Every structure is written in C-alpha cells, then in structure tokens.
4 protein chains.
Amino acid sequence: MVRVGIIGSTGYAGAELVRLLLQHRDVEIKWYGSRSYIDKRYYEVFQNMFQLVDDKCLDDNMEELADMADVIFTATPQGLCASLVNESILNRVKIIDLSADFRIKDVPVYEHWYGIEHKSPGFIEEAVYGLPEINRESVKSARLIANPGCYPTCSFLSIYPLAKEGIIDMQSIIIDAKSGTSGAGRGAKVNNLYCEVNENIKAYGVLTHRHTPEIEEQLSYASGKEAKIIFTPHLVPMNRGILVTAYAKLTKSVTYNEVKEIYDSCYNNEKFVRVLDEGVCPETRWVEGSNFADVNFKIDERTNSIIMMGAIDNLVKGAAGQAVQNMNLMFGFDETEGLLGVPVFP
Amino acid sequence: MVRVGIIGSTGYAGAELVRLLLQHRDVEIKWYGSRSYIDKRYYEVFQNMFQLVDDKCLDDNMEELADMADVIFTATPQGLCASLVNESILNRVKIIDLSADFRIKDVPVYEHWYGIEHKSPGFIEEAVYGLPEINRESVKSARLIANPGCYPTCSFLSIYPLAKEGIIDMQSIIIDAKSGTSGAGRGAKVNNLYCEVNENIKAYGVLTHRHTPEIEEQLSYASGKEAKIIFTPHLVPMNRGILVTAYAKLTKSVTYNEVKEIYDSCYNNEKFVRVLDEGVCPETRWVEGSNFADVNFKIDERTNSIIMMGAIDNLVKGAAGQAVQNMNLMFGFDETEGLLGVPVFP
Amino acid sequence: MVRVGIIGSTGYAGAELVRLLLQHRDVEIKWYGSRSYIDKRYYEVFQNMFQLVDDKCLDDNMEELADMADVIFTATPQGLCASLVNESILNRVKIIDLSADFRIKDVPVYEHWYGIEHKSPGFIEEAVYGLPEINRESVKSARLIANPGCYPTCSFLSIYPLAKEGIIDMQSIIIDAKSGTSGAGRGAKVNNLYCEVNENIKAYGVLTHRHTPEIEEQLSYASGKEAKIIFTPHLVPMNRGILVTAYAKLTKSVTYNEVKEIYDSCYNNEKFVRVLDEGVCPETRWVEGSNFADVNFKIDERTNSIIMMGAIDNLVKGAAGQAVQNMNLMFGFDETEGLLGVPVFP
Amino acid sequence: MVRVGIIGSTGYAGAELVRLLLQHRDVEIKWYGSRSYIDKRYYEVFQNMFQLVDDKCLDDNMEELADMADVIFTATPQGLCASLVNESILNRVKIIDLSADFRIKDVPVYEHWYGIEHKSPGFIEEAVYGLPEINRESVKSARLIANPGCYPTCSFLSIYPLAKEGIIDMQSIIIDAKSGTSGAGRGAKVNNLYCEVNENIKAYGVLTHRHTPEIEEQLSYASGKEAKIIFTPHLVPMNRGILVTAYAKLTKSVTYNEVKEIYDSCYNNEKFVRVLDEGVCPETRWVEGSNFADVNFKIDERTNSIIMMGAIDNLVKGAAGQAVQNMNLMFGFDETEGLLGVPVFP
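Residues numbered from 1 in each chain as written. Chains lettered and ligands numbered in written order. Predicted model: local features only at pLDDT ≥ 70, side-chain atom pairs only at ≥ 80, totals over all residues. Heavy atoms only, no water.

## Details of the overall build of chain A
Inference 1: What chain A contains, in helices and strands, is twelve helices and 14 strands.
Inference 2: Taken over C-alpha atoms, the radius of gyration comes to 20 Å for chain A, in line with the 20 Å a tight globule of 346 residues would show.
Inference 3: Dimensions of chain A, computed from the C-alpha atoms along their principal axes, are close to 60 × 45 × 40 Å.
Inference 4: The buried share of chain A, reckoned over its 346 residues, is 67%.
Inference 5: For chain A, the proportion of contacts with a sequence separation of at least 24, taken over those separated by at least 6, is 70%.
Inference 6: If you sum the accessible surface of chain A, you get close to 11000 Å²; carbon and sulfur atoms cover 45% of it.
Inference 7: If the 34 positive side-chain charges of chain A are averaged to one point and the 47 negative ones to another, these points end up 2 Å apart. (Helix = DSSP H or I, 4+ residues; strand = E, 2+ residues; numbered from the N terminus. Rg over C-alpha atoms; globule rule 2.2 N^0.38 Å. Buried < 20%, exposed > 50% of the residue type's maximum accessible area, 1.4 Å probe, protein only. Contact = heavy atoms within 4.5 Å. Areas by Shrake-Rupley, 256 points an atom, 1.4 Å probe, with all protein chains shown as cover. Lys, Arg positive; Asp, Glu negative; His and termini not counted. Charge placed at Lys NZ, Arg CZ, Asp CG, Glu CD.)

So this is what it looks like as structure tokens:
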C-alpha cells in the first residue's frame, strides 16, 4: 500500500483527492492536512465522509510527513509548496504539487504573473509538468510533479494535436473558457456566495489570468513556435466543469477527415481523452465526476479558421484525477486505477 | 418628497430597499449607510445601480441622520437599532427597523432566543409590529415600526385567518418552511458559498430558529390562545422566495367553501395577499420580485387536518417591500405606491 | 457473470442503473431497452457513455429477454411490468421492478391511487418489497422484487425504528418531503423545463401523491398498527436528492440517548444507513451519487413531538442503487458490490 | 390609451411583453393570443398574473385583431408573421415582429439560414430593423418593425462603435456568446429539461446559428465593409441573460482613452446603454429584469486585439423590452416609458 499525505485536504481539490484515493485499491491516506480545521475530524468538515474517514485534520508539517508517506499531494495556495520543498524531503518522498509553483519554467514569468517571489527556483528544472498524455515517460521517473492547472489541461488537450501538427497559426489562438464555481476555491468570499454566482455569467481576469503563461508555454513546446494567446475565463453557475471554446486561423486548407485523423492519432490510445463523433460538441455534464477530457473541432472555411472545443471536470482531470493519474504512473500502477468512475449524470 | 436614510444598505434587504425606493415617486434616498463600504460608491458594490445612484456609502450615524431624514430604515444585525434609538431621535424621525429588536414584546423571550441584552426595552411597548394587513391603523400613527421577519410574514399570513376564526388547534401547528439563500445574508461564510448551497437542500436551526417565538406571539394574539408551534426552516438553492407548508388539526369539521370564505373575508380587500383558486398551490416563482403573498389551503378529512400554504419573495413582502408598505401608511401615501411591480417570471 | 437486461434504460433511473452496473464486477448488460430510441446507440442518448457502451437501444421484448438474461430491471411507467410478467417468464428470469406495480399488496388501493387496472394481481402476493434493511432474507430468495419508491425509501428508513419500537403515534405522522427534479422523469413536459423549475419551490400532489399508500402500508407492517399519514412532496431546483422532514407525536417521554439507541440498534450493521451524530441534520449533498441514507432525529419536549429526518440520492438508494443492492442479495454477491462509490461533493 | 394585441403571449418573450406592458401607463392589452391555450385564462398559464389579468387566451386572428388594436406584437415562430401580414393589415395597425421574418434584407440569405420560404418578401424593404440606438428616426415612422434578435442586440451594441469608427478588422470578429435558458423558448423538449441544462454548459449551433447573418448584415451597415464573423452561442444554466465576449484585430494602435471616447460618443445620450468604468466587466446579474445593455472593452497590445463585452437581459433588451422601446417611439411616448424598472438583484 502506498502511503499518502495530503496538504490542503479541506479545499475542493483536496476533498476530491480524498474521494478518489478512497476508491483506489493500493493507497492508504495517512495525513489529512488542513490548517483551518486542525484537530477537527475530517468528516465533520465533509459529512459525505461520515463512517468512511475517521481521521482528524492535521497541521502542515512536510518534514514529519516525508517520513510517514511515500507521496505528498499539495493542494495549497501558490507559493506554499515552493517554500517547503528541499532536497532532503525529495530524497524521502515524492511530491505532486497541485499549485502552480513548478509549472512555469521561466522564473521571472512566474514571479510576474503570480506576484510572489519563487522560493525554490532550483527545483523548477527537475519538476515534470504532469500531463500524462504528453509527458508520460518523464512522469514515471519524477520526484516532483507540477500538476497542470484546470484551464491549461482543458485548453491544451483541445489544441495540442493541431499545434503539434503545425496546422494552426500559433499567434492567432483565442481561448474562451467557462468554469464551474468549485474552481474558485472554498474560501469565504462575497463574490463566491450563492446569490452572487447564481443567475449570472461573467468574464473575470480578462487578459490577466495567471493560467495564460502556462498555456502559452505548453503550446510553444508542442508546436515548436512561440504561442501568443488571448485567454478569457468565465464563471458559470454550476459546481463542476470547464468548457473551452478555442479559435485559431488555419495555416493551410484541411478537411474534416484530415483533422479527425490528427486528433485520433494523438488520442486513440489515451483512455481519458475522447475525440467525439462528427458534429457532437463537448458538454461538461458528460464528464462530470470522471477523469475524461472530451474534445472535438469544427472547421470554418468561410473564415479559414478552426474551432477547438474541450470539456473536463475541473476537479478531476483538471486537478485531483490528473494528480492520481500521475501517482499511478510514478508508482507503477495501472494508469487508470481508481479513475474509472463513470461520469455521473444528471 | 420624503427624505429617507438607510442604515445597512449593502446587505440584500438593504439593496432591495434601494431598488424599491428608486421606483417610488415620493421618496428621495439621502443616506446610503454601510459600515463595510464607507466612501465607496454605492454602484461599485451593486453594479445594477450604475448610472442610477451616484452616492457614496456612509458610516452609521443615527444622530446626524435624524436631522437629514424623515424616516430611517435599519437593515442591520440584531441589537444595532435597539442600541441607537432614543427619545430625541424618535422625536425627529420615524424608524422602520428590519431587524428583530422590537418584534417581540417579552424582553426575556427576546434575550433568550437572540442571546443578547436588549438595549432599549422602553420602546418595545410603543413599537408597532408592521404587518399592515393586521395592524394597519396602528402603523399609520407609529414612530417606530418593528418590520416582521420573512418566515413570520409568510407563516402568519398563511395561518392567520384560521387562527383568528378558531378552527385550528393552536397547539398542533407545524410549520415546515423553505427559503431561498438571500435570506442567509451577504456575509462571507463558507456555508453560503455557491458550491455549498447548490445541489443541496437541508433543514437548519431545527427547534432553535429565532423566528419561532415571533410566530408564536403573533399567532397567540390572532387566536386569543397560546400558540405552540414546531417551526423547521430549510435552505433551498435559489436566490429568492419563501414557501411555507403548515399543518394543523381542525377543531371542527369544515368544508372547502367555509374555509375559503374565511380566507376571503380576511384578504378580499388586501391588495398584496392573493387567495389562490381551489387546488392551486403557491409557488415562489409566481411572486418573485413582487410584494404579493400567495396563500391557499387543503383540507384532509382522513386525518382531520388542514394544510395551509404560502409563498412570498423573502426580500420584498418578507423585508423591504413590507417596510415600504409601512412607510406608505406612515406618510399617508397610497399603500401600494412603489410596490406594484409585476412578479418577474422566469 | 450475471446477464442483465434493462427495460426503460433511457430514463433517469435506467441511466443510473447503467452507470452502477458498469462499475459492478460480476455483471454484464445484455439489453439496453428503450422504446423511444430504438436502434440508436446508447451513447448517443447519454454521451457520458461514449467509449464505455457501444450497444444500440432495443425495443421492449420480455419474452426474448427472458432467455438472454438472468435478471431484468424494469424502469418503466406504472402498469408495464404487470402487463408483461407471467409464470413462464418468472421461471426463467428474475425481475426487479422499479415501478410501483407490485409494491402495494391491496389491489383496490393500488387501482384507486394509480388509476389503472392491475394486470397481474396473481403475482402481488409473491413479490417481495425490496428494502433490504427490512426484508433482506426474503429478497435473497425472491423471483420478483418490488423495488421501493424514492419517497417511501427515504421516509420509511427515517421513521422505521420508532414505528417498530412503538414510541410514536402512528396516526400523527406528517411527512414533508423535498425532491430534486430527476424524480420527475425525463419526459418532455413544460412543467419540468429548466426555467419552470429553476428559482422556484412548490408543493405538488398535495394529499394525492401515489407514494402515500405505499408509505402507510410499510409503516403499518413495521408498527403492527394502522398508520395514517399526511405526505406532502415538494419540487426543489436541483438534479438529485430527497430530503424528508417528518413529524410525529411521542407516545411516551424519551431521552436523546434512548432514541439514539433505538436507531443504532436498527442500523448499526447496515452499511448504507448512517445515523448521524447528535445535532447534525441530513443534507442531500452528502449522499449525492451514493447509496447512503443519512438519518437523524430531534426531540421537542415543548410539544411532546419528534422530528425525524432523512436524506438519500433519489436515483441511487431511491431507485437504481437499491435495485442493485437487491440484485446482489438475489445472486449471492456481496451486498455492497458496485455500490461503494463515495458521495460526490460538490 | 394605445390598444395592444399580442400574438404568442404564452411564450417567454410574450409573457415578458405582458409584464412590461402592464407597467406601461399608456397601454391597454386587448388580445392575449395563444394557440396552445385557447380559452384558458391567461393567469392559469402564468400564475404571477393572478388578479392582474383576467382575460382568456385567444386564437391567432390577425384580421380581427387589426381592427381592435393599434399595434400588434408577434412573438411567434419564424414564418408566422410573414404569412399573415398584408397591405390591408398594415394600413390599419402597426406591427412589431419579434421573430426573424423581416430582419434580413436578403431573401435568399433568410431562406438559406432559416430553411423556409419567405411568404412576404414585398415588405422586407419597408420593415425597419428596430434597434432604436441606431435607427431611432426610422422606427418613429415605421409601420412594420423587425425587432432584433437577442444575440444580435447584445453583439451589435458591444461592437457597433468600433465597427462604425473603422478601428477593427471586420473580417476578424469572433463572437463567443452565452445565453440563459429562457432564450430556448417554452416548448416541451428533452434538451431543455431542468436536469439536462442544470450543471452543464455547452456550445450549440456552432457555425450554423441563424443569428449569424443578422449580426453580419448589421455590422456591415455600421462599418460600410463586409463583415464576416464566427459566432458561437452557448447555453448557460440560468433563466435570463446574455453575455457576449467578442474579439477582433485592431486596424491601428489605440489607447484606452481613445476607445472609451468612441463608445461614449455613441452612447452618452442613450438611456439604455451603459458604458462601464475602466476594468469593470459586464455581468448578466446587473441587468436582469431591465432594459439596460452594459458594455465595455479591453485592449490587448500583445496581440493587437480588442475584447468587446456586453450583457443584456435576453427577454428585455433582447426581446420584449426593445419591442416596447420601439412602440414608444412609434406612438410618440417617452422612449423609456414602462422601461425604467431597476435591475433585480439578486
């Protein structure tokens, strides 16, 4: 049994990690970390866990945890993981960081967009960007995983095949993304109150959202060219789900079948990425609760453009599910172990 | 023009007061009180007011306000109004208190259920319980109005005719109430976050909710007998609306027509209480945004019981609308002025 | 592998059966029955099943199905199962009927409340009311299961221990129930459109809902006395979940600990019924997607009453999950097989 | 008093017309047309109208109506108005058509996108596209108004100033739009059931939505150049509201102040279009229930692009409110009469 510690287990991503890991056959959770609820029973915070988890919440202590666990998930605010990690810890335990601390290779870019100083720049090079569909082999041998952001996961999986194939203009990409409210976290903020979110849709973080450089960096790797995107996130009155509608100019004339073939050749062997049938648009309801990413596209000859669409559950493929997928690879488990839950509808 | 001051204008009830008063022909708002947003423009807190209100939010100052206004609405936490009011102020300005401070005549009962000391017990006797359908004449000449609670308004209007007529057992009443989330206020609490409320229904404050003694007191007045109720509020994933489903034993055998006649004789001349047609159940959607209270009933011969049902918009008839209705009576306006907005559906 | 046929697989309960059975280790679905979508691929109706189910929908044909399957689930409108079942079929295949056809032992009562003639009264006696917590042993050997209704399951599990123990007056029970909208089915009706349900709560079927006699019959068995209830269902703007708030007069004075002991002795060995800690109210969000029923109670000395509360997922413990639980018992599987999914929150 | 007839008064747009017209001082509704509910009282369809409207629903009969009314609103499916209108009718009564029949000047374009033959092409030339902010003078003297579509209204008001000024590339415009579910109409369709829409976001009609040519035509008029757009509508789980996020390439370098000045010069005298403060994004909640269109923009120097944003209530400024605004102009009323309702929040 792999021993797991979770730092930040009482946020939404942390709670989803718990849900998924409880359904994983080879894992035992040893540490329910939560600064806000120290000494409270975990099920008192999340009553769905009543009679399933009896542990109490513990304070953050990565040193101690490194001796008790084989892997630590950090589902914490930006900067925390970078401030705790060191060589001694990484020698003893693997870390899967769900924050953004190790996602961006360029330190000044990180510090500019996140507005904080990076405390462990020395580990950025080593950290593996944990998108298994792209970096599977590196993930397997990694000590430190930078688990991708929710928007970047959905955006990247939607665009990646065409970026890699070179058939879209990497300077023309517009990503209009829509997210459920669990993506805003469990902090007590007026803006996230029920009555503020319900019966409303809004854009936010226009041209300033911190997932922008992460998406650009990964798209640049994929295409071998500098990607420059416009990224506009929106908040939707629903709990879970991210939908991406992305637009790009085509660099050459292509048919439906040619593009379908490009997607299929990327994802045919991927269990968790589903290229939908012609004409079927991804919808968040069809992936809810699951680790699936549904993608599809539509060509617009009139404007020589292509629309790329994707849907994920932001808490699963966009956070906790992908983290478990990375863990499975790192410990030699079947990549899908604990992740085969069928999407829950309605 | 009547000059109005609002203390607590940036909560949901305060904002609804602003919305209604802006549509009132004989009123001018002089004071947008808000401790949390002092010096911020009101429209920056509520962008629906952009280009409609240009004022800045002001700190609480009832002394100063008493000289600037003809009437003050206090949409504030329990205890604040009682701590500010005094004879000098009441000599200069009328007060409509949307908190519970002056609703309950029995000070120990108030202090027991609310857990705070009452700072102005001397004004309780004078304060008029501002349910115009019952206390219209007293309201007209009042200096100090205790504006009823949202649950009590809906519960009382549903049950009142039968309590007054003496055909229900006043010790057998069970009120199962359901409220939209704006009733929980605009405070930043985890429990009221979108993801906590959405896709959920729960009871809360079971047997301990502070509206219990208010309902019992008013029902006792209406029936002339001591009322003892069970009151169970529930939180519903919607913004506005209260639905009451109340149960009582009948004290004698009655027909539909007899009961209908009892309701009609109470409410036939009431603009804002609608006794629905036979078999039609009140629904919150049909009163949303309006000052209507829809009521109806159903007799169960099998158990010698009656089901009394009511629906209101908790922010209008349950708070701000009723407060404006009281103001209209106090200043000699048409009782319906500013309150004839048609319910908004969908 | 047990071979399963589903008649009515494209309603919400049918779809939930598919979801749960796909996660069951010992089962293979052989027949996706759906009159409305004959020859359409199942995943075209429910895109969450894309790449998980490749079968086409088939017409109803119980004769043929009896030869291909070991068990048939009928998730169909009232009357259909009763019109199809016969001795020859029951000799070949077990049937778990999710409709109400075999739930009520008294044919005139069934025909009165459902307004249709019963086509197979001869099998009512044999049919087992499939509430495993009560009828576990009978379920194991049954050929025909009457799978309980969603409201009855939640109501009964909340009230059963006290009814059995005789400490509540069986003529005083009031059940105020609240359901998510999946309980209304997947038929195209104006009343169930998004804009009609959203931002609304309403009672419906007041004193006429067809689950009333089912609850009364089961409570009468449990208590050995005739139960007469008031049952009021409400429609809540959420997808899943039923919350029951039930009220009854106590027949004698009891303490919290005595009542807790009564609940515990009933449910301590039940995996799927959770008696919550003192003061914790059941909420639908904590059971969503799972087979759990959460129950609790609160004593009101003031009125010599008790409030009994319960929450289930109407599609799981209230329909498909309970059906699978019954199947597990009938085929000698672990009762929890396929049903250990952790509740999904948020 | 202007006498009004409504054909299609029991759809969502028709019901909103009724709500607004009841609050209009100079209007009397003479005809509640509804094929589906003939002879039913209007308030039985919409209980919010109980005690406000006592009329019964009437069948469609434009001939008869032309003699009884001064103006007819047609809130009907595509093709109906075109099939009923003729010179004799237009000589007697003004028509405001909320369907698309007279919005597009090019008949083959209409017939291609709508898939039906146009029955009255002779009146297309005469019909005025009823966007008062653009065509105010023509509206005043019109006999036949083509009331703009909901998406086109929001898209056009967001983009118009820049199109007119020539600072955006008219072939580069991408409109990513999000709509509440009332836009899908009140027809009983599975796709619009509560459980299908709730907890979901999806794109639909990708590259095929019929509002595309309407937007292109109007943008071409505004800019004097052929506009070619990508238009992607999305369905959002909320009742009301449209949000438009539009992207275009700039044709020259501009500053915030320059662009702000362009918007202001267009809309400074427009009561219903609000150009928000710098950095404030339009949100649907701030316009709900009102006739406001909130717009704003953000310049992206990195990609030489501009993001244009707009929010309206699809049933008010996107349908019924705009129709009343047109009526006010046609009959010489104050343009804002009946339309000054403050946005309802929450």
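## Focus: the interface of chain A and chain D
Size of an interface: often given as the accessible area lost when the parts come together.
Inference 1: Chain A puts 47 residues into the contact, and the matching count from chain D is 46 residues.
Inference 2: A combined buried area of about 4000 Å² lies between chain A and chain D, and 58% of that area is made up of carbon and sulfur atoms.
Inference 3: Counting the surface chain A buries against chain D, the share from its top three residues, E199, I201 and R302 of chain A, is 17%.
Inference 4: At the boundary of chain A and chain D, one finds six salt bridges.
Inference 5: At the junction of chain A and chain D, the tally comes to 30 residue pairs in polar contact (both at pLDDT 80 or more).
Inference 6: Taken together, the elements giving at least two residues each to the side of chain A that touches chain D come down to β8 (174–179), α9 (194–197), β9 (202–203), α10 (211–223), β10 (230–235), β11 (242–249), β13 (293–300) and β14 (305–312) of chain A.
Inference 7: Sorting elements by how many residues they give to the side of chain A that touches chain D places β8 of chain A first, with four residues.
Inference 8: For the side of chain A that touches chain D, the residue count by class is 21 nonpolar, twelve polar and 14 charged. (Buried area = accessible area lost by both parts, 1.4 Å probe. Salt bridge = Lys/Arg side-chain N within 4 Å of Asp/Glu carboxyl O. Polar contact = N/O pair within 3.5 Å; in protein donor to acceptor, adjacent residues only side chain to side chain. Nonpolar A, V, L, I, M, F, W, Y, C, P; charged D, E, K, R; others polar.)

## What to know about the sheet that holds strand β14 (residues 305–312) of chain D
Residue and element names in this part refer to chain D.
Inference 1: On the basis of which strands lie adjacent, the open sheet formed by seven strands has the order β9-β10-β8-β11-β14-β13-β12 and mixed pairing. Edge positions in the open sheet fall to β9 (202–203) and β12 (273–275), since each of these has one partner strand only.
Inference 2: By the bridge criterion, three bridges tie β12 to strand β13 (residues 293–300) in an arrangement that is parallel. Looking across to β13, one finds that V275 is bridged to V295.
Inference 3: The strands touched by helix α8 (residues 150–165) are β8 (174–179), β10 (230–235), β11 (242–249), β12, β13 and β14; relative to β14, the strand with the most contacts, the crossing angle is about 140°. (Pairing = 2+ DSSP bridges. Axes fitted to C-alpha atoms, helices over the stretch in contact; angles between N-to-C directions.)

## Quick notes on the packing of aromatic side chains
Inference 1: The tally for this structure, following the rule as stated, stands at 54 aromatic pairs over all chains.
Inference 2: Each ring, one from Y263 of chain A and one from F297 of chain A, has its centre 5.3 Å from the other, and the planes form 0°; the classification is stacked. With a gap of 34 residues between them, Y263 of chain A in helix α11 (residues 256–267) and F297 of chain A in strand β13 connect regions that are remote in the sequence. Each member of the pair, Y263 of chain A together with F297 of chain A, is buried.
Inference 3: Note on Y42 of chain D and F46 of chain D: the rings are 5.6 Å apart at their centroids and 55° apart in plane angle, and the pair reads as tilted.
Inference 4: According to the relative accessible area criterion, Y42 of chain D is buried, its value standing at 0%.
Inference 5: Taking relative accessible area as the criterion, F46 of chain D reaches 2% and is therefore assigned buried.
Inference 6: Three or more aromatic residues joined by ring pairs form one cluster here, namely Y12, Y32, Y42 and F46 of chain A together with W286 and F345 of chain C.
Inference 7: Seen from the ring of F292 of chain B, R274 of chain B lies directly overhead, with NZ or CZ sitting 4.0 Å from the centre. (Phe/Tyr/Trp six-rings, centres within 6.5 Å; stacked < 30°, edge-to-face > 60°. Lys NZ or Arg CZ within 6 Å of the ring centre and 35° of its normal.)

## Here we look at the relation of the copies chain D and chain C
Inference 1: The transformation that overlays chain D on chain C combines an axial shift of 0.0 Å with a rotation of 180°, and the residual RMSD is 0.0 Å. Both copies are brought into coincidence by an operation consistent with a two-fold rotation axis.
Inference 2: Residue by residue, 100% of the interface of chain D is reproduced at the interface of chain C, so both copies engage with the same surface. (Least-squares fit on C-alpha atoms with pLDDT ≥ 70 in both.)

## Focus: the side chain of E335 of chain D
All names here are of chain D.
Inference 1: For E335, the location among the structural elements is in the segment after α12 (316–330).
Inference 2: Of the residues examined, E335 reaches a relative accessible area of 16% and is grouped as buried.
Inference 3: Engagement of the side chain of E335 in a polar contact is seen with the side chain of R136, the distance being 2.8 Å.
Inference 4: Here E335 is in contact with P132, R136, F272, Q325, N328 and L329, once residues within four sequence places are set aside.

## Some remarks on the relation of the copies chain A and chain D
Inference 1: Laying chain A over chain D is done by rotating through 180° and shifting 0.0 Å along the axis; what remains is an RMSD of 0.0 Å.
Inference 2: Here 96% of the contact residues of chain A are again contact residues in chain D; the copies associate through an equivalent surface.

## Focus on the sheet that holds strand β14 (residues 305–312) of chain C
Residue and element names in this part refer to chain C.
Inference 1: Here we have seven strands laid out as an open sheet, ordered β9-β10-β8-β11-β14-β13-β12, and mixed in their pairing. Taken across any chain shown, the strands that pair with only one partner, and hence form the sheet edges, are β9 (202–203) and β12 (273–275).
Inference 2: Pairing between strand β13 (residues 293–300) and β14: eight bridges, direction antiparallel. Looking at β14, one finds that F297 is bridged to M308.
Inference 3: Strands β8 (174–179), β10 (230–235), β11 (242–249), β12, β13 and β14 of the sheet are contacted by helix α8 (residues 150–165), whose axis makes an angle of about 140° with β14.

## Let's talk about helix α7 (residues 132–140) of chain B
The periodicity of an α-helix, 3.6 residues per turn, causes residues three or four places apart in sequence to face the same way.
Inference 1: Those residues of α7 of chain B that sit buried are P132, E133 and V139 of chain B. Buried residues of α7 of chain B fall within an arc of 50° about the axis and therefore sit on the same side. (Arc of directions from axis to C-beta.)

## Observations regarding helix α10 (residues 211–223) of chain D
Residues and elements named next belong to chain D.
Inference 1: Across its 13 residues, α10 extends 18 Å between first and last C-alpha, which sits within 8% of the 18 Å expected from 1.5 Å per residue.
Inference 2: Of all 13 residues in α10, twelve are buried, a share of seventy percent or more.
Inference 3: For α10, the set of buried residues is H211, T212, P213, E214, I215, E216, E217, Q218, L219, S220, A222 and S223.
Inference 4: For α10, the elements touching its buried residues are α6 (107–114), β6 (128–129), α8, β8 and β10. (Expected span 1.5 Å × (residues − 1).)

## Quick notes on the interface of chain D and chain C
Inference 1: In this complex, chain D contributes 19 residues to the contact, which on the side of chain C involves 19 residues.
Inference 2: Counting each side, the surface lost to burial between chain D and chain C is near 1700 Å², with a carbon and sulfur contribution of 58%.
Inference 3: Between the two partners, chain D and chain C, sit two salt bridges.
Inference 4: Here R186 of chain C ties to E196 of chain D by a salt bridge, and the two come within 2.9 Å at their closest N and O atoms.
Inference 5: For the interface between chain D and chain C, the tally reads twelve residue pairs in polar contact (both at pLDDT 80 or more).

## Section: the pairing of strand β4 (residues 71–74) of chain B
Residue and element names in this part refer to chain B.
Inference 1: In β4, alternate side chains face the same way, and those of V71 and F73 on one face and I72 and T74 on the other are all buried.
Inference 2: As judged from the four bridges shared by strand β1 (residues 2–7) and β4, these two strands associate in the parallel manner. Each bridged residue has a counterpart across the sheet, and for V4 the counterpart in β4 is V71.

## Looking at unusual backbone geometry
Inference 1: Cis geometry marks the peptide bond from F345 of chain A to P346 of chain A, where omega comes out at -5°.
Inference 2: With respect to the helices, strands and loops of the structure, P346 of chain A is situated in the segment after α12 (316–330).
Inference 3: Residues other than glycine seldom take positive phi values, yet L207 of chain A does so here, at roughly 70°.
Inference 4: Take L207 of chain A: it is sitting in the loop between β9 and α10.
Inference 5: Positive phi outside glycine occurs at D39 of chain B, with the angle close to 75°.
Inference 6: Locating D39 of chain B in the fold gives a position in the loop between β2 (27–33) and α2 (42–45).

## What to know about the side chain of S34 of chain B
Residues and elements named next belong to chain B.
Inference 1: Position of S34 relative to the elements: it lies in the loop between β2 and α2.
Inference 2: Classification of S34 by relative accessible area gives buried; the value is 1%.
Inference 3: Engagement of the side chain of S34 in a polar contact is seen with the side chain of T10, the distance being 2.7 Å.
Inference 4: Those residues within four positions of S34 in sequence are excluded, and the remaining contacts are S9, T10, C57 and L58.

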